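If you want the building blocks of each chain, they are given just below.
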Amino acid sequence: MDKNIPRYNVQLYIYDLSRGMARSLSPIMLGKQLDGIWHTAIVAYGDEFFFGGEGISSCSPGGTMLGPPDTVVELGETEVTEEIFMDYLSSLGETTYRGDRYRLFEHNCNTFTNEVAQFLTGRTIPSYITDLPSEVLSTPFGQILRPILDSIHIAPPGGNVINGGRNI
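Residues numbered from 1 in each chain as written. Predicted model: local features only at pLDDT ≥ 70, side-chain atom pairs only at ≥ 80, totals over all residues. Heavy atoms only, no water.

1. Focus on unusual backbone geometry
In most cases, non-glycine residues show a negative phi, while peptide bonds are predominantly trans.
Link 1 in the chain: With phi around 55°, R19 is a residue other than glycine that occupies positive phi space.
Link 2 in the chain: Mapped onto the fold, R19 is located in the loop between β1 (8-16) and α1 (21-30).
Link 3 in the chain: Despite not being glycine, Y45 shows a phi value in the positive range, around 55°. (Helix = DSSP H or I, 4+ residues; strand = E, 2+ residues; numbered from the N terminus.)

2. Here's the deal with the packing of aromatic side chains
Link 1 in the chain: Summed over all chains, the structure comprises 11 aromatic pairs.
Link 2 in the chain: Taken together, the ring pairs in this structure connect Y8, Y45, F49, F85, Y88 and F119 into an aromatic cluster. (Phe/Tyr/Trp six-rings, centres within 6.5 Å; stacked < 30°, edge-to-face > 60°.)

3. Here we look at the confidence of the model for the protein
Link 1 in the chain: For the protein, per-residue confidence averages 86 on the pLDDT scale, and 88% of positions sit at 70 or higher.
Link 2 in the chain: This model gives residues 164-168 a pLDDT under 50, and the stretch forms 16 contacts once residues within four places in sequence are excluded. (pLDDT = per-residue confidence, 0-100. Contact = heavy atoms within 4.5 Å.)

4. Some words on helix α3 (residues 109-121)
Spacing of three or four residues puts side chains on the same side of an α-helix, whose turn is 3.6 residues.
Link 1 in the chain: The terminal C-alpha atoms of α3, which comprises 13 residues, lie 18 Å apart, in line with the 18 Å expected from a rise of 1.5 Å per residue.
Link 2 in the chain: Within α3 the residues assigned to the buried category are C109, N110, F112, T113, N114, V116, A117 and L120.
Link 3 in the chain: The distance from a side-chain oxygen at the start of α3 to the backbone nitrogen of N110 is 2.9 Å, and the residue carrying that oxygen is N108.
Link 4 in the chain: Of the residues one or two after α3, G122 is the one with positive phi, at around 80°. (Expected span 1.5 Å × (residues − 1). Buried < 20%, exposed > 50% of the residue type's maximum accessible area, 1.4 Å probe, protein only. Polar contact = N/O pair within 3.5 Å; in protein donor to acceptor, adjacent residues only side chain to side chain.)

Right, dumping it as structure tokens:
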């Protein structure tokens with residue numbers, strides 16, 4: 001590895017959208033324990049990047065209405081430059097991660113952070129996050145709620161949309 005190539009730290013910010021309620025209510029409602037309803041974001045190059053119903057957005061770390069993350073996971077370092085990363089995000093925002101492609105269970109913030117984490121570091125995000133939709137949908141109550149939950153588009157306020165792609 002060339003020591004002259006700049007390296008950039010990459011973190012995963014994890015937020016519990018339920019603020020602890022999932023831990024208390026999931027055994028009653030779903031018949032299984034869920035520790036949280038996870039929203040994730042990638043922090044790199046001094047900004048936080050996430051995907052929601054508006055498309056790919058960015059803000060200063062912890063700068064959405066969600067406030068500071070509940071957990072920070074160090075994903076490692078990347079040699080990908082900020083310019084290449086922003087081109088990559090722009091491409092994703094025009095195709096795979098347009099705002100109108102958001103789906104709460106199949107194509108969400110966690111799908112986005114998992115893909116971006118692999119692009120930057122070669123590592124995936126923790127499976128307890130990526131497995132959450134199937135955990136919920138494997139329950140009778142999850143199947144009953146699915147039509148309602150499918151209509152929800154989560155977009156934490158406070159971010160700047162990089163490319164929402166709603167009108168493409």
